[in-house]
Amino acid sequence: MRHDHLITSKQLSRGDIETVLDRAAEIDADPSAVADRHAGALLGLLFFEPSTRTKMSFETAMKRLGGDVVDMGSVESSSVKKGETLADTVRVIEGYADALVLRHPKQGSATMASEFVDVPLVNAGDGAGHHPSQTLLDLYTIRENAGLEDLTIGIMGDLKYGRTVHSLAAALTNFDARQHFISPESLRLPREVVYDLHQQGGTTGVREHESLAEVLPSLDVLYVTRIQRERFPDENEYQKVAGEYQIDPETLEAASDDLTIMHPLPRVDEIAPEIDETDYAAYFEQAHNGVPVRMALLDLLLSDDLGIGGDGDE
Ligand code: ASP
């Protein structure tokens, strides 16, 4: 039987998102209730790029559901080093595991890999493409802190290469959020992403800005991202924009007292450490939410209870 794959957040309807977030809230309230739910099940971890939070929270999630993981390990120590194709690697590992989580530097790789496997495959980041499980934990954190109704969000930083941005922006079109995108000119959202956001509709406008000051007072949530240095073809181009957007207590003087600041992490220098202890900071809570949200996602995918649509084409 062919299971669902989660490749992009564009596959997720509002109903799908609510199903995952509600299940995550139930699990968060009583994790012991699901401690044996997937006893014996194995999750295959295939990470071709560095990861801390995504990999460890998927591993924690699977273990907290009673299952375990099999990990391909680093590219250096795997057969990838011998020239094995991604299609062959996933076909082999699906024979060992009940679901797969894949991170790969190449955009579109998760779509391609999913065509070769029948067990559920979750895209844990494909280059500058998508990162839908991150989006689900982002939405969970927004729902807990600011609510998803009548939301005004600013998304700031590297909007060109930031896959968490592309995923979150697409998912938010289900909620009629007002989305403000703040970046240097050279790191604006790719035009095809803007086009898609308009096509997906539901959004009360996609507004682009170079200055945070223009929109800060109106924001419920400010989602800050790191400049994705590893994706720049030219280091000089990175140096031109490095450190351009930094949030410190002074920046926030014009913010609403209820502002929630999020960041998918890791941060470099985008958010001053003095912000960490303020009520604005939700980024560590956001990272912790990765566990109940990924438990919910794995539970639904392994039980075939999600029924997400689309083939995940980007
Ligand atoms: N951890 C996130 C990702 O894998 C964000 C980042 O790396 O900046 O996309």
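Owing to the predicted nature of the structure, the values given are computational and were not obtained by experimental measurement.

**Student:** Explain empty space enclosed by the protein to me, please; I cannot follow it from the model alone.
**Tutor:** Taking a probe equal in size to a water molecule and rolling it over the atoms shows the remaining empty space. Evaluated as defined, the whole model comprises two cavities of 30 Å³ or more. Quantified by volume, the largest cavity comes out at close to 60 Å³. The wall of the largest cavity is formed by Arg53, Thr54, Gln134, Leu137, His263, Pro264, Leu265, Tyr283, Gln286, Ala287 and Arg294. A per-element tally of the lining of the largest cavity places helix H9 (residues 283–288) first, with three residues. Broken down by class, the residue content of the lining of the largest cavity amounts to five nonpolar, four polar and two charged. Taken as a whole, the second largest cavity holds about 50 Å³ of empty space. Along the walls of the second largest cavity sit Gly157, Thr225, Ile227, Val241, Gly243, Glu244, Tyr245, Asp269 and Glu270, which together make up its complete lining. Grouping the constituent residues of the lining of the second largest cavity by class yields three nonpolar, three polar and three charged.

**Student:** So what exactly am I meant to see when it comes to the sheet that holds strand E8 (residues 221–224) here?
**Tutor:** Across a sheet, strands are paired by hydrogen bonds formed along the backbone, either parallel or antiparallel in direction. With respect to topology, five strands assemble into an open sheet ordered E7-E6-E5-E8-E9, the strand pairing being parallel. On the outer flanks of this sheet lie strand E7 (206–209) and strand E9 (260–262), each paired with one strand and no other. For this sheet, the mean inter-axis angle between neighbouring strands, taken without regard to orientation, is 20 degrees. Two strands pair when backbone bridges link them, and strand E5 (residues 152–156) and E8 are joined in this way by four bridges, in the parallel orientation. Pairing of Ile153 across the sheet is with Val221, part of E8.

What counts as what
- Residues numbered from 1 in each chain as written.
- Predicted model: local features only at pLDDT ≥ 70, side-chain atom pairs only at ≥ 80, totals over all residues.
- Heavy atoms only, no water.
- 1 Å grid on protein atoms, 1.4 Å probe; cavity = no way out; pocket = protein on both sides within 12 Å on 5 of 7 lines; lining within 4 Å.
- Points joined across faces, edges and corners; volume = space filled by probe spheres on them.
- Helix = DSSP H or I, 4+ residues; strand = E, 2+ residues; numbered from the N terminus.
- Nonpolar A, V, L, I, M, F, W, Y, C, P; charged D, E, K, R; others polar.
- Pairing = 2+ DSSP bridges.
- Axes fitted to C-alpha atoms, helices over the stretch in contact; angles between N-to-C directions.

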